[in-house]
Amino acid sequence: MDRALIPADIDALLGVYALDAIDDVAERSAVEAWLARSPAARREVDELREAASMLAQTTFDPPAALWARIEEGLGGAPAPDLAVPPLRTPTVVGHRARRAAPGRVPRRRSWLVGIAAALALLVAAGVGVVLGREVSDQEARIDRLAAGVEDDGMEEAAFAAAVQPGARAAEMESSSGAVGAKVVATADGHGYLMVDHLPRLPAGRTYQLWALMGEEPGSAVVSVGVLGRAPAVVAFTTDPEVMGFAITEEAAPGATTRSQPMMLEGWLA
Amino acid sequence: MDRDDLRSASDANLVVAVGRFRAEALEEVYRRHAAVALGLARRIVGDHALAEEVVQEVFLRLWNDPERFDPARGALRSFLLSQVHSRSVDLVRSESARRSREERDAQRSVPVDDGLEREVWALVLTEHVRDALTLLSAGERSAIELAYFGGHSYREVAAALGEPEGTVKSRIRSGLARMRDALADVGLVGAEGSWTER
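From a predicted model like this one, the values you see are computed outputs, not experimental measurements.

1. Side note on the side chain of Arg32(B)
Residues and elements named next belong to chain B.
Point 1. Relative to the helices and strands, Arg32 resides in helix 3 (residues 23–45).
Point 2. From its side chain, Arg32 meets the backbone oxygen of Ala9 in a polar contact 2.7 Å long.
Point 3. In terms of polar contacts, Arg32 uses its side chain to reach the side chain of Glu28, at 2.9 Å.

So, in C-alpha cells, the structure goes:
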C-alpha cells in the first residue's frame, strides 16, 4: 500500500475483503479499522459474506473419524450439569395476523399488546435467554452469549403469551416508581420477563427473579430463576397461582432464599 | 434441552447450548453444517486431509468461543462458512499447500465462466442461487469464482483476468451485492428469512 487509504478507497475494498481476497496486510488492517468504526461498512461485509456463503452448495459427507477428532478436542469443559430449564422455541401459528388486526384483541388486553410490542423491539435488539435455579462458573460465558442471541421463536412465544386468554401482566417498579421491567404470566404457568432498565452487574453478582405467592406479609417468596448479569428477555415457568414478581441482586450463583431487598416489584393483574 | 429438543432447536439456541458446554449441541451443529463446510474446504484447499483440519478447527473454535457468533449479523451457516473460507484461504496461501493448489489448478478443466454456475446447479435448493447468478455479468462471475473458490487475492484475480485491480474490486463488490439483493428477495438471506439447513 503506497499511500494512506481514504474512506472511499476502503469502501471499494469491502467486497474483496468479504471474500478474504486481500493479501496486503496494511490494506486488510485499514479495512478492519474502518469496520470497527463504521456499522454501515460492517453490515455490508456481513451481507456480502452471507451472499457468498450461498455459493457453497457442494456437500461432502465427513468421515466419522472427523467428529471423533473434534470430540476429543472438547476436553476440559465443565460437566454440563446446570439446573437450567430447557430453552423453548414454541411455534405460534398466526401471530402475525393477530398483530396486524389489533381490533380483534379484547379491549382489556390492549396494554398487554403494548407490552408485547415493547417485547418485540427488545427482541429485535437482541434476546437474552438465561434462566435457571443455579449458575456455575460458566455464568460469564453464557451471559455474553445469550445477550447476543436473537431468537424468533422466543419473540413469537412471548407475543403469543401476552395475548393468551388468562394471561396476566405487571410492570415491575422500583421503590421510586420507575418501571424497570415488565412481566407476563400465562394461565398454565409460563412467563416472560422483559427488562427495560437494569444496569449490568459486575462479575460475581447476578439478578434473580422471585415469585410472590401472596400479598400478605410472610407470604411465600419462591425463586423462579437466576437472570445473570445483564438480562434482556427471559422465559420462565412458575406456579400458575403466582401473585407477583420481584427482582433482587444476589451474589452469584444466586440464592435459595431471598436475602437482598427487592429492586423491582410488580403485582399481576 | 434433550436430544430431541436439540434436533428442533434454532441454530441460535444451539449456540447458546454450546456456550453451556453441551457437546451434543455442537454435534447437532456439526450434523447440520459439517458437510457443506467440508465441501467448501475441499474445493478451496484441494486436499482431503487439509480440508478436514479446517473443519475440525472451525468447529473447535465455535466450541471455545461461541460468543463470536452474533446471530444479528447473519445465519450460523454463513458464519461457519466464512470461518472455513478464511482458514482455507490462509492455507492455500501458505507454502505448504502451494503444491497441492497448483496441482488442483492444473487439473481444473472447467472454463472459468461456467464453473460457478455448474457448482450450484445440482441441488434443487440452489435454484434461486442460480437465478441470482444469472443477474451477474460474466466478468463479475469470473472474479467472484477465482476469489471465493480459488482463494486468490484480488491482485491475483486481476492478473489472471487481465483486468485492472480497481475493476476487479468493483466487480466483486457489485456482483455480490446484486446476488445478495436477489437472494434476499426470495428469503434465502437476510434477518427475516435466512435459510437454515436442518
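2. Quick notes on unusual backbone geometry
Point 1. With a phi close to 55 degrees, Asp20(A) is a non-glycine residue in the positive phi region.
Point 2. Structurally, Asp20(A) can be placed in the loop between helix 1 (7–18) and helix 2 (25–37).

3. Remarks on the nonpolar core
Point 1. Ranked by internal contacts, the top residues of the largest apolar core, which has 82 residues, are Leu19(A), Ile70(A), Leu26(B), Phe59(B) and Ile172(B).
Point 2. Considering each element in turn, this core owes the most residues, twelve residues, to helix 3 of chain B.
Point 3. Excluding anything up to four places from it in sequence, Leu19(A) contacts Ala52(A), His85(B), Ile144(B), Ala147(B), Tyr148(B), Ile172(B) and Leu176(B).
Point 4. Among the nonpolar cores identified, the runner-up in size contains 21 residues, and Val183(A), Val224(A), Phe245(A) and Leu268(A) belong to it.

4. A few points about the environment of Val222(A)
Residue and element names in this part refer to chain A.
Point 1. Within the secondary structure, Val222 sits in strand 5 (residues 221–228).
Point 2. The exposure class of Val222 is partly exposed, given its relative accessible area of 40%.
Point 3. Sequence separation between Val222 and Asp239 is 17 residues, and the spatial gap between their C-alpha atoms is 9.3 Å.
Point 4. The contact partners of Val222, leaving out residues within four places of it in the chain, are Leu209, Trp210, Ala211 and Met213.

5. What about the packing of aromatic side chains?
Point 1. For the structure on display, the rule yields six aromatic pairs over all chains.
Point 2. Aromatic side chains Phe236(A) and Phe245(A) sit 5.2 Å apart centroid to centroid with 65 degrees between the ring planes, which places their arrangement in the edge-to-face category. Here Phe236(A) matches Phe245(A) in class, with each residue buried.
Point 3. Consider the rings of Tyr30(B) and Phe59(B), whose centres lie 5.3 Å apart with planes at 70 degrees: the pair is edge-to-face. With Tyr30(B) in helix 3 and Phe59(B) in helix 4 (residues 48–64), this pair connects stretches of sequence that are 29 residues apart.
Point 4. Taking relative accessible area as the criterion, Tyr30(B) reaches 9% and is therefore assigned buried.
Point 5. In this structure an aromatic cluster arises from ring pairing among Trp67(A), Tyr30(B) and Phe59(B).
Point 6. A cation over a ring is seen here: Arg42(B) above Phe60(A), with NZ or CZ 3.5 Å from the ring centre.
Point 7. The positively charged end of Arg43(B) is found above the aromatic ring belonging to Phe149(B), 4.4 Å away from the centroid.

6. Remarks on the packing of helix 2 (residues 11–19) of chain B against helix 3 of chain B
Residue and element names in this part refer to chain B.
Point 1. The contact between helix 2 and helix 3 brings their axes to 8 Å, and the two run at 140 degrees. Regarding the angle of helix 2 to helix 3, the classification is oblique. The interaxial crossing formed by helix 2 with helix 3 has left-handed handedness. Here Asp11, Leu14, Ala17 and Val18 of helix 2 come into contact with helix 3, specifically with Ala25, Leu26, Glu28, Val29, Arg32 and His33.
Point 2. Split by residue class, the contact of helix 2 with helix 3 holds six nonpolar, one polar and three charged.

7. Topic: the environment of Ala12(B)
Point 1. On the secondary structure map, Ala12(B) appears in helix 2.
Point 2. On the basis of relative accessible area, Ala12(B) is assigned to the buried category, the value being 9%.

8. Points about the pairing of strand 1 (residues 168–173) of chain A
In the case of a regular strand, side chains alternate between the two sheet surfaces.
All names here are of chain A.
Point 1. The pairing of strand 1 with strand 2 (residues 179–185) spans six bridges and is antiparallel. Each bridged residue has a counterpart across the sheet, and for Glu173 the counterpart in strand 2 is Val179.
Point 2. Once strand 1 ends, the chain turns through five residues before running back antiparallel as strand 2, passing Gly177 with a positive phi of about 95 degrees.

9. Side note on the pattern of salt bridges
Point 1. Applying the stated criterion across every chain, the model contains 18 salt bridges over all chains.
Point 2. Taking the shortest distance from any N to any O, the salt bridge between Asp46(A) and Arg73(B) comes out at 2.7 Å. Residue Asp46(A) is located in helix 3 (residues 39–53), and its partner Arg73(B) is located in the loop between helix 4 and helix 5 (76–92); the two belong to separate chains.
Point 3. The exposure class assigned to Arg73(B) is partly exposed, which follows from its relative accessible area of 41%.
Point 4. In this structure, Glu28(B) and Arg31(B) form a salt bridge, with 2.9 Å as the shortest nitrogen-oxygen distance. With Glu28(B) and Arg31(B) both in helix 3, this residue pair falls three residues apart, about one helical turn.
Point 5. For Glu28(B), a relative accessible area of 5% gives the class buried.
Point 6. On the accessibility criterion, Arg31(B) (38% relative accessible area) is partly exposed.
Point 7. Linked through salt bridges whose partners overlap, the residues forming this network are Arg7(B), Asp11(B), Glu28(B), Arg31(B) and Arg32(B).

What counts as what
Within any chain, residue numbers begin from 1 and follow the written order of that chain's sequence. Each chain takes a letter, starting from A, and each ligand takes a number, starting from 1, following the order in which they are written. Selection of residues for local features in this predicted model requires a pLDDT of at least 70, selection of side-chain atom pairs for listing and counting requires 80 or more, and totals for whole chains, interfaces and linings are taken over all residues. Remark: hydrogens and water are excluded; side-chain values derive from all non-hydrogen atoms of the structure. Strands are runs of DSSP state E lasting at least 2 residues, helices are runs of H or I lasting at least 4, and numbering of each runs from the N terminus. Polar contact is the term for a pair of N or O atoms within 3.5 Å; when the atoms are in protein, one must be able to donate a hydrogen and the other to accept it, and sequence-neighboring residues count only if both atoms are side-chain atoms. By convention a nonpolar core is built from buried Ala, Val, Leu, Ile, Met, Phe, Trp, Tyr and Cys residues, the set being connected through side-chain atoms within 4.5 Å. Accessible area is worked out with a 1.4 Å probe on protein chains only. A residue is then buried under 20% of its type maximum, exposed over 50%, and partly exposed in between. Here, residues are in contact when the closest pair of their heavy atoms is within 4.5 Å. Aromatic pairs are defined between Phe, Tyr and Trp rings, using the six-membered ring for Trp, whenever the two ring centres lie within 6.5 Å; interplanar angles under 30 degrees are classed as stacked, those over 60 as edge-to-face, and all others as tilted. Here, over-ring charges are defined by two tests on the NZ atom of lysine or the CZ atom of arginine: distance to the ring centre within 6 Å, and angle to the ring normal within 35 degrees. Inter-axis angles, ranging from 0 to 180 degrees, are taken between N-to-C directions of lines fitted to C-alpha atoms, where helices are fitted over the stretch in contact. Note on terminology: angles under 35 degrees are roughly parallel, angles over 145 are roughly antiparallel, angles of 65 to 115 are roughly perpendicular, and the others are oblique. The handedness criterion is simple: a crossing whose near helix is rotated anticlockwise from the far helix by less than a right angle is left-handed, and one whose near helix is rotated clockwise is right-handed. Side-chain classes follow a simple rule in which Ala, Val, Leu, Ile, Met, Phe, Trp, Tyr, Cys and Pro form the nonpolar group, Asp, Glu, Lys and Arg form the charged group, and the remainder, Gly included, forms the polar group. For two strands to be treated as a pair, DSSP must find at least two bridges joining them. The working definition used for a salt bridge is a side-chain nitrogen of Lys or Arg within 4 Å of a carboxyl oxygen of Asp or Glu.

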